[in-house]
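Here is what each chain is made of, one letter per residue.
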Amino acid sequence: HIGLGGAGLGCDLPQPLRPHASLVIACSAAVHTALDTRLQRAGIPCGNPAPQAALADDKWGCYHRWLECGVPTPPTYLLPAATGHHQVRRLVADTLARHPTTRGWFLQPRHGTEGRGVVWVPVGRMAAAAIHSGWHSLRAKDDAILRPCVGTLGVPIEKGHVAWDLRVNVCYDGQRHTGTSAYLLVARHSSQAITSVSCGGRTLPYRWLQGKRLQSLGVDGGDGVPWSAALLAAATRAAEAAVGSLAPFSIAGADIKFDLDGATPACSVLDVNPRPAGLLHSDLLAATEPGIGAQLWRGLAHLAAGAAA
């Protein structure tokens, strides 16, 4: 099996090789589409074909699919690019009224990836105007989606707590989707709400969470919530359900946020990346198999066998 990233293969081979299966990772949607087209023409099956990946790239479509399948995910509202200014102002006002206790809002492109174009809008009297302005900037290229803040349980970094995501990599072996590895996307400081590396965030090993306590952002004092095997299990189940509801991807990464539901921690799926990066930063969730995870290789073997049949 040969995995193809955004740069493809970086050297000449003495004899051409014909891969039995392929996987496109760590690249843009446009590069993914171009590579997938070439793979299809060559008759090489891809573990994350571009048409299926487009389902995961559509955040509005994901939201409705996850609601149907019972996957926990934050409320999401569409601000269409073709809608008039007056109607968008009314949509924004109605949405803000539905969530009076939120800490703020995330506005982002409907089909955006890697945190590009995401705007964090703090709660306040200028929130509606800021959201409208952000929508106006995005509408030339895409619809916008609006979400109330989730991920209010922060991780301790130095002297405070910061926003973070748990990236769970989910693999498909031909029978089921399984969360196999994970790492953290962590904001640099307490005032930063967006965790993507492209927006200034950083990665940390998943095992760094062991022994840590999660604390509500913006709340001083208190004992917080200990990280636990139960929280990991809930996040893994949510990630598996989210990826499985979209397509049988050989591998995809699900971003998980954590909040308090009363006094109980709860997780929600924010996004699914069908061409995940950061695999080198990931720790296996179960130490029973070495390497990147035998589940992935079993899935590619299943893909290759299906193509050969």
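Our subject is the structure listed above.
Everything in this summary refers to the structure shown in the same document. (Residues numbered from 1 in each chain as written. Predicted model: local features only at pLDDT ≥ 70, side-chain atom pairs only at ≥ 80, totals over all residues. Heavy atoms only, no water.)

1. Some details on the packing of helix α1 (residues 29-42) against helix α2 (residues 50-57)
Okay, step 1: Between α1 and α2, the least distance of the axes is 9 Å, while the angle of their chain directions is 160°. Compared by their axis directions, α1 and α2 come out roughly antiparallel. With respect to the hand of their crossing, α1 and α2 are arranged in left-handed fashion. Between α1 and α2, the contacting residues are Ala29, His32, Thr33 and Asp36 on the first element and Ala50, Pro51, Ala53 and Asp57 on the second.
Okay, step 2: Residue composition of the contact of α1 with α2, grouped by class: 4 nonpolar, 2 polar and 2 charged. (Axes fitted to C-alpha atoms, helices over the stretch in contact; angles between N-to-C directions. Helix = DSSP H or I, 4+ residues; strand = E, 2+ residues; numbered from the N terminus. Parallel < 35°, antiparallel > 145°, perpendicular 65-115°, else oblique. Left-handed = near helix turned anticlockwise from the far one by under 90°. Contact = heavy atoms within 4.5 Å. Nonpolar A, V, L, I, M, F, W, Y, C, P; charged D, E, K, R; others polar.)

2. Thoughts on the sheet that holds strand β8 (residues 160-162)
Okay, step 1: One open sheet holds the 4 strands; their spatial order is β8-β7-β12-β13, and the pairing between them is antiparallel. Sheet topology places β8 and β13 (225-226) at the edges, where each strand pairs with a single neighbour. (Pairing = 2+ DSSP bridges.)

3. Concerning unusual backbone geometry
Okay, step 1: The phi torsion at Ala26 lies on the positive side, around 50°, for a residue other than glycine.
Okay, step 2: Along the chain, the position of Ala26 falls in the loop between β2 (24-25) and α1.
Okay, step 3: Judged by its relative accessible area of 45%, Ala26 is partly exposed. (Buried < 20%, exposed > 50% of the residue type's maximum accessible area, 1.4 Å probe, protein only.)

4. Considerations on α1
Okay, step 1: Taking 1.5 Å per residue, 14 residues should reach 20 Å; α1 reaches 20 Å between its end C-alpha atoms and fits that length.
Okay, step 2: Burial in α1 covers these residues: His32, Leu35, Asp36 and Leu39. An end-on view of α1 places all buried positions within 105° of arc, on one side of the element. In α1, the exposed residues that point more than 90 degrees away from the buried face are Ala30, Arg38 and Arg41.
Okay, step 3: Once α1 ends, the next one or two residues include Gly43, with phi positive near 75°. (Expected span 1.5 Å × (residues − 1). Arc of directions from axis to C-beta.)

5. Observations concerning α2
Residues three or four positions apart in an α-helix share a direction because the helix packs 3.6 residues into each turn.
Okay, step 1: Every buried residue of α2 is accounted for by Ala50, Ala53, Ala56 and Asp57. An end-on view of α2 places all buried positions within 100° of arc, on one side of the element.
Okay, step 2: Its buried side turned inward, α2 meets α1, α3 (59-69) and β15 (264-273).

6. Quick look at the pattern of salt bridges
Pairs can form between side chains of opposite charge whenever their charged atoms are close.
Okay, step 1: Summed over the entire model, instances satisfying the criterion amount to 8 salt bridges.
Okay, step 2: Salt-bridge contacts for Arg275 lead to Asp57; the nearest nitrogen and oxygen are separated by 2.9 Å. You can see Arg275 sitting in the loop between β15 and β16 (283-284) and its partner Asp57 sitting in helix α2, a full 218 residues away along the chain.
Okay, step 3: Judged by relative accessible area, which is 3%, Arg275 ranks as buried.
Okay, step 4: Judged by relative accessible area, Asp57 falls into the buried class, the value being 11%.
Okay, step 5: Between Asp271 and Lys59 there is a salt bridge, and its shortest N-O distance comes to 3.9 Å. With Asp271 in strand β15 and Lys59 in helix α3, this pair connects stretches of sequence that are 212 residues apart. Taken as a pair, Asp271 and Lys59 share a single burial class, namely buried.
Okay, step 6: One network of salt bridges, in which partners are shared, links Asp58, Arg110 and Asp143. (Salt bridge = Lys/Arg side-chain N within 4 Å of Asp/Glu carboxyl O.)

7. Things to note about the sheet that holds strand β5 (residues 119-122)
Okay, step 1: Strand order in the open sheet formed by 4 strands is β3-β6-β4-β5, with antiparallel pairing between adjacent strands. Here the strands that pair on one side only, and so sit at the sheet edges, are β3 (77-79) and β5. Taking the axes of each pair of neighbouring strands and ignoring which way they run, one obtains an average angle of 25° across the sheet.
Okay, step 2: On the sheet, helix α5 (residues 127-138) packs against β3, β4 (104-109), β5 and β6 (144-148) and is oriented at approximately 10° with respect to β4.

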